[in-house]
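Coordinate analysis (summary)
Each chain, written out:
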Amino acid sequence: MTYMDFTCDLLKQMPIGTPIYTGQIAERIAARFTLEFKDAAAATSVAVKRIMDGKKIPDLRFYQKGIYFRTIVTPFGERGIDRERLVADKYLLPDKGYETGLVLLHRMGLTTQMPKEHVIATNMAKECVRTDKKLGVVIRPPKTEINAENKAYLQMLDALELLDKAPVDAENPYEIVANHIREKDLRYEKLLFFADRYYNKNTIMQLAHTAGKGGYTT
């Protein structure tokens, strides 16, 4: 089997719309043919170019350097790439970011207002807030580097921090937050630790109100 045959088989297995990363294909080629990654990357580049030029997979489309996708024709035209998956791969997974802002409050049921901006706290934002116009999201640095252990805690504290700033119209916002804390099995001791270390006094007070509504006792 040639590199191109192997690459063709991999591409044909990909679901419609799913982002296809040439770096991941190169990793598979490296493992299959026992190559160094740089050699596998070069082989992947040549194979994908020949596949595109020869239209060997007619539904394969180029998105941007290193990213492709397969499409189908619908009554509204060709289906595009899965942008939510692109956002997740670039800014959220694995454990490097989370949704925040009005999107978070809307999902939690704290506001009925539909957010205009999709805001993500992510380690990829480094030191400044910026807009990824191509993906339609705003990214901002987190209070501290996000990891698997603190992600859910920071996201919940972001929600509390926003309560006084956002158009919250839920009747019992603290009870709603308390319910989410229970559902996610978060510990108030850890929430308080992160709030004291990375958030302001107002957020700590919001946490105290939430703990009272949540029936927390020391």
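Scroll up to find the structure this text is about.
Summarised in this report is the structure supplied together with it. Fair warning: this is a prediction, and the values are worked out from it, not measured in the lab. (Residues numbered from 1 in each chain as written. Predicted model: local features only at pLDDT ≥ 70, side-chain atom pairs only at ≥ 80, totals over all residues. Heavy atoms only, no water.)

1. A closer look at the packing of helix α6 (residues 151–162) against helix α9 (residues 201–213)
Here is the rule: Note on geometry: axes are C-alpha line fits, over the in-contact stretch for helices, and angles between N-to-C directions span 0 to 180 degrees. We count a stretch as a helix when DSSP gives it H or I for four or more residues in a row; a strand needs E for two or more, and each element gets its number in order from the N terminus. Throughout this description, any angle smaller than 35 degrees is read as roughly parallel, any larger than 145 degrees as roughly antiparallel, any in the 65 to 115 degree range as roughly perpendicular, and the remainder as oblique. The criterion used for residue contact is that any of the two residues' heavy atoms lie within 4.5 Å. For this classification, the nonpolar set comprises Ala, Val, Leu, Ile, Met, Phe, Trp, Tyr, Cys and Pro, the charged set comprises Asp, Glu, Lys and Arg, and every other residue, Gly included, is treated as polar.
Relative orientation of the contacting elements α6 and α9 amounts to 100°, with a least axis distance of 9 Å. As the angle between them shows, α6 and α9 are arranged roughly perpendicular. Seen from α6, the contacting residues are L157, L160 and E161; seen from α9, they are T203, Q206, L207 and T210. Of the residues assigned to the contact of α6 with α9, the class counts are three nonpolar, three polar and one charged.

2. Overview of the pattern of salt bridges
Operational definition: Any carboxyl oxygen of Asp or Glu within 4 Å of a side-chain nitrogen of Lys or Arg constitutes a salt bridge here. For the exposure calls, accessible area comes from a 1.4 Å probe over protein chains only, and a residue counts as buried if that area is under 20% of its type's maximum, exposed if over 50%, partly exposed in between.
All told, the structure shown has 11 salt bridges when counted by the stated rule. A salt bridge links E78 to R61, with the shortest nitrogen-to-oxygen separation between them at 2.6 Å. A residue pair is termed long-range when its members are at least 10 positions apart, and E78 in strand β5 (residues 77–78) and R61 in strand β2 (residues 60–64) qualify at 17 residues. Its relative accessible area of 45% is what places E78 among the partly exposed residues. Linking D95 and K151 is a salt bridge whose minimum nitrogen-to-oxygen distance equals 3.0 Å. Here D95, found in the loop between α4 (83–92) and β6 (97–100), pairs with K151, found in helix α6; they are 56 residues apart in sequence, far enough to count as distant.

3. A look at the packing of aromatic side chains
Our working definition: Pairs were defined over the aromatic rings of Phe, Tyr and Trp, the Trp ring being its six-membered one, requiring ring centres within 6.5 Å. Orientation was assigned from the angle between planes: stacked under 30 degrees, edge-to-face over 60, tilted for the rest. Here, a charge over a ring is recorded when the distance from Lys NZ or Arg CZ to the ring centre is within 6 Å and its angle to the ring normal is within 35 degrees.
All chains considered together, the criterion is met by six aromatic pairs. Pairing F62 with Y68 gives two aromatic rings, centres 5.4 Å apart and planes at 70°, and the pair type is edge-to-face. Ring geometry for F194 versus Y198: centroids 6.3 Å apart, planes at 20°, classification stacked. Of the two residues, F194 and Y198 are both situated in helix α8 (residues 188–198); the distance of four residues between them amounts to about one turn of the helix. Grouped by ring-pair contacts, the aromatic residues Y153, F193, F194 and Y198 constitute a single cluster. In this structure, R32 packs its charged tip against the face of F33, placed 5.0 Å from the ring centre. In this structure, K134 is placed above the aromatic ring of Y63, and the distance from its NZ or CZ to the ring centre is 4.5 Å.

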